[in-house]
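Geometric and topological summary
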Amino acid sequence: MLKVENVTKYYGDFKAVDNLSFTVEEGKIFGLLGVNGAGKTTTFRMIMGLLEPSSGKITLNGKHINYDVTDDIGFLTEERSLMTKMTVLEQCEFYGTLKGMDKKDINKRLDELLEKFGVTEYKNKKIKELSKGNQQKIQFITAILNNPKLLILDEPFSGLDPFNVELFKKEITEMSEKGSMIIFSSHRMEHVELFCKKLAVITKGKVVLEGYLKDIKKNFRKKTILIKGDIKKADLLKLDGVLDVIEKIDEFEVKIKSDEYVNSVFEYVKNKKNITKFVVVEPSLNEIFIEKVGESYEK
Amino acid sequence: MKSKLNYLIGISLKRKIKTKWFVVANVLIALVIMAAINLDSIITLFGGDFNKKTTIYVIDETNKSYELFKSNIENATLLGMDKKDNYKVIKYDKSIEDAEKKLKEKKEKGNIVVNFKDDKETTIKSIITTKSFLDKTDYTILNSAIQNTKVALATMESGVPNEVFASINSSAKIERVVLDKDKKSAEESMDMIMSTIFPIFILPFFMLTLFLVQMIGAEVNDEKTTRGMEIIISNVSPKTHFASKVVAANLFVLLQSILLFVYGVIGLFIRKLIGGNNIANGSFDAVLDMAKEVLKSGVGEKLIYIVPLTLLLMILTFIAYSLLAGVLASMTTNIEDFQQLQTPIIIISLIGYYLAMMAGVFEGSIFIKVAAMIPFISAILAPSLLMLGQIGIIEMVIALVLTIVVIYLLVKYGLKIYKAGILNYSSTGLWKKMYKALKD
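Bear in mind that the values here come from a model prediction, so they are computed numbers and not experimental data. Counting starts from 1 at the beginning of each chain's written sequence and moves along it residue by residue. Labels are handed out in written order, letters beginning with A for the chains and numbers beginning with 1 for the ligands. Residues qualify for local features only when their pLDDT is at least 70, as the model is predicted, and side-chain atom pairs are given and counted only at 80 or more; totals for whole chains, interfaces and linings, by contrast, use all residues.

What follows concerns the overall build of chain A. On a plain count of helices and strands, chain A comes out with 10 helices and 14 strands. Summarising its shape, the C-alpha atoms of chain A cover approximately 75 × 45 × 30 Å along the three principal directions. Exposed residues have 12 or fewer other C-beta atoms within 10 Å of their own C-beta, buried residues have 20 or more, and partly exposed residues fall in between, where C-beta atoms are placed from the backbone. The burial tally for chain A puts 37% of its 299 residues in the buried class. Look at the contacts in chain A between residues 6 or more apart in sequence, and 67% of them connect residues 24 or more apart. Each helix corresponds to a stretch of at least 4 residues labelled H or I by DSSP, and each strand to a stretch of at least 2 residues labelled E; elements are numbered beginning at the N terminus. Once C-beta atoms have been placed from the backbone, residue pairs whose C-beta atoms lie within 7 Å are recorded as contacts.

As a further point, take the interface of chain B and chain A. Facing 17 residues of chain B, the contacting portion of chain A comprises 19 residues. Among the elements that line the side of chain B that touches chain A, the one with the most residues is helix 9 (residues 228-233) of chain B, at 5 residues. Only Asp, Glu, Lys and Arg are considered charged in this grouping, and only Ala, Val, Leu, Ile, Met, Phe, Trp, Tyr, Cys and Pro are considered nonpolar; every other residue, Gly among them, is considered polar. When its residues are assigned to classes, the side of chain B that touches chain A shows 8 nonpolar, 5 polar and 4 charged.

So, on to the environment of Glu251(A). Residue and element names in this part refer to chain A. By secondary structure assignment, the location of Glu 251 is in the loop between strand 12 (242-247) and strand 13 (252-256). Taking the number of C-beta atoms within 10 Å as the measure of exposure, Glu 251 has 16 and is therefore partly exposed. Distance from Glu 251 to Glu 282, taken between C-alpha atoms, is 17 Å for residues 31 residues apart in sequence.

This next bit is on the domain arrangement of chain A. As annotated, the domain borders come from an automatic or database domain assignment. Domain parsing of chain A yields domain 1 (2-217) and domain 2 (221-281). Here the C-alpha centre of domain 2 of chain A lies 42 Å away from the C-alpha centre of domain 1 of chain A.

The next thing to look at is the packing of helix 15 (residues 393-421) of chain B against helix 16 (residues 430-439) of chain B. All names here are of chain B. For helices, the fitted axis covers only the stretch in contact; all axes are lines through C-alpha atoms, and the angles between them, taken along N-to-C directions, range from 0 to 180 degrees. As a packed pair, helix 15 and helix 16 sit with axes 8 Å apart at the nearest point and diverge in direction by 130°. By the criterion of interaxial angle, the relationship of helix 15 to helix 16 is oblique. Seen along the crossing, helix 15 lies across helix 16 with a hand that is right-handed. Where helix 15 abuts helix 16, its residues Tyr 413, Lys 416, Ile 417, Lys 419, Ala 420 and Gly 421 lie against Lys 433, Met 434, Ala 437 and Leu 438. Partitioning the contact of helix 15 with helix 16 into residue classes produces 6 nonpolar, 1 polar and 3 charged. When an angle is under 35 degrees it counts as roughly parallel; over 145 it counts as roughly antiparallel; between 65 and 115 it counts as roughly perpendicular; any other value is oblique. Each helix crossing is assigned a hand: it is left-handed if the near helix lies turned anticlockwise from the far helix by less than a right angle, otherwise right-handed if that turn is clockwise.

Residue and element names in this part refer to chain B. Spatial strand order, 2-1-3-4: 4 strands in an open sheet with mixed pairing. Strands with a single pairing partner mark the edges of an open sheet, and in this sheet they are strand 2 (87-91) and strand 4 (123-130). Direction aside, the axes of adjacent strands within the sheet are offset by 25° on average. Two strands are counted as paired when DSSP detects at least two bridges linking them. By the bridge criterion, 6 bridges tie strand 1 (residues 54-60) to strand 3 (residues 111-119) in an arrangement that is parallel. In the sheet register, Ile 59 faces strand 3, and the bridge partner there is Asn 115. On top of the sheet, helix 6 (residues 136-157) reaches strand 1, strand 3 and strand 4; it is set at about 160° to strand 4, its chief contact.

Nonpolar side chains tend to gather and get buried jointly when the protein is soluble and globular. The term nonpolar core means buried Ala, Val, Leu, Ile, Met, Phe, Trp, Tyr and Cys residues held together as one set by C-beta atoms within 7 Å. Grouped together as the largest cluster of nonpolar side chains are 130 residues, with contacts concentrated most on Phe30(A), Ile152(A), Ile182(A), Leu212(B), Leu381(B) and Ala382(B). The leading source of residues in this core is helix 11 (residues 283-331) of chain B, at 14 residues. Excluding residues within four positions of it along the chain, Leu381(B) makes contact with Gly352(B), Leu355(B), Ala356(B), Ala359(B), Ala371(B) and Ala372(B). By size, the runner-up hydrophobic cluster in this structure holds 21 residues, among which are Ile73(B), Val114(B), Phe116(B) and Ala152(B).

What follows is about the sheet that holds strand 14 (residues 277-281) of chain A. All names here are of chain A. In space, the 4 strands of this open sheet follow the order 12-13-11-14, with antiparallel pairing throughout. Only two strands of the sheet have a single partner each, and these edge strands are strand 12 and strand 14. Each strand axis lies, on average, 20° off the axis of its neighbour in the sheet, ignoring direction. Bridging between strand 11 (residues 223-228) and strand 14 involves 5 bridges; their strand directions are antiparallel. Looking across to strand 14, one finds that Lys 228 is bridged to Lys 277.

Here we come to the packing of helix 12 (residues 335-358) of chain B against helix 14 (residues 378-388) of chain B. All names here are of chain B. Packing of helix 12 against helix 14 brings their axes to within 8 Å, and their N-to-C directions diverge by 15°. Judged by the inter-axis angle, helix 12 sits roughly parallel to helix 14. In this structure, the crossing between helix 12 and helix 14 has a hand that is left-handed. Note on element contacts: helix 14 touches helix 12 through Ile 380, Leu 381 and Ser 384, opposite Gly 352, Tyr 353, Leu 355 and Ala 356. In terms of residue class, the contact of helix 12 with helix 14 is built from 5 nonpolar, 2 polar and no charged.

This is the structure:
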């Protein structure tokens, strides 16, 4: 289990991470979200042992992070961390050896992963000669080459087409099923929702939202009702508890303050003609994020 | 961690050596060195009048100048101005008009007519006739021989007895006494010799320093700009990473020095095969002759301690340069920044190079003696001054100790900067960050 306990990190007088705590259990995928500059990279760097926390502690399976422990961690950075002049094989041998693997194991595992991601023909090609998407595949391969106990994925789907996103998702899920602890960070909330049962949202180094996604959504009082039929936007806006109404091509999206106001909306709608849809939906993670962080994550 | 260090050293060397640019650069360097050693043969290969023999036709209207002049020409060549065999002095009995006609008809160069005439004021007068311009060496030799002929004739005509005349003409005996027991008189002529030989040895040192600094800068920046550094440093400590760069760069320098030496040996072997030194004053053979002179002059005994001390100082200086380059490279965020930052290193190295060249000219300069003990430039300067006898072993040892102190400081404080620098990607507040790293 990865345990981040009351970790604070200062850069001079600037507090980059403020009393951050979370745990990631074996076989679980944990989402760490935040806007740019929220403190995610600093947190990842502390988990990787690249930075020492100013206070608090980080342990992996009870051990303080050191160079013996980092051999069991895989890290996919947001920026490309590949030596572009090397070939795919050289790159994997380089990072694999630094992870304590021997050449034979590296080659075996590399062949297996290249096959899985459909890039076997690039084994002896220089990384700079590959497309952005293929470079991302190689970067992902280098991160999982050592079958890490802890895998940190910072924007893993960057530069990938939908087909390859599916390949990555499959592999991440498989790794999780095999027992790897995974920390996942992405700007794409639909991806986070898909993977992470548990997450934390940080802003300015502080946790503003934390817990299981199911509970977070349940506890998030604002709901959305999707309605199809002969109704008027102006009438809906007059109803108690209605925050906003978005008129779409064939339906209305009604935002309400909480579950309590579903009935009053239903009372208004039930007498209207041609009502074919009335669905109460959970808020998206994106909505929750925007609400909690106070600004769009996509900015 | 030790095996990871060895691996990093190996991969650094492999990345440097297994490139086509390393091969191309070495092929070019090898060609340049071999060509330089065989430059005279290359020049003669393309043709030219390099083996010209000068024939001097003497029309002696004074009837007393020919023998003296012939002897003085031989003496002049003995002084090393040119080879004796290159000059042939022939007495010409016909008129000057005939001689001029002959000169015009002859296709080959190197024919000179010297016409000696009596002169009341200057004892003799000479007219030198050639088809075209005289070359510098011929003119110097002729001038010297004619001048000596005139002095000899004037002395004889003044009624000086034969024994006295012989005494006047004989070379003066010079005996040297040096009171300083540490100085051997044979070393006195070393200044000129060393000023010629030493640049040949210190130029590769300067070149290798550049290779070393550039290799570390390029590698650290490559890893930083690709963010590969994050992955590397999460698996090996900055200390191990720093050590791997320093060791790899120094091993590369060692390999490159061996290659330079091999290219030199091949060049000499080619020279031997093709029988070089076609030009009379072949510069390379002149250098070899000088080197032989140096060894003969008793400096050979000195070399027993000069060579190991020089090698030790050079190795330590390379280590110091690599540490400094590593620290500076860690602070930069791209190769362009590093290229700017390496300029002071190159200038420091250049200062050492020029001071070493000037050491022979400004003998006894306190400034140069003090500079010989300053780390980074001492490796170039101190050995040359030691060889010239301008400094002793004590100064050399001080230079060694100071370099070790600099290495210690670079390891102790430089490593702190390196640790903070390699994961820093912004130049904003750089000095503040580095100062903070030093304080931590």
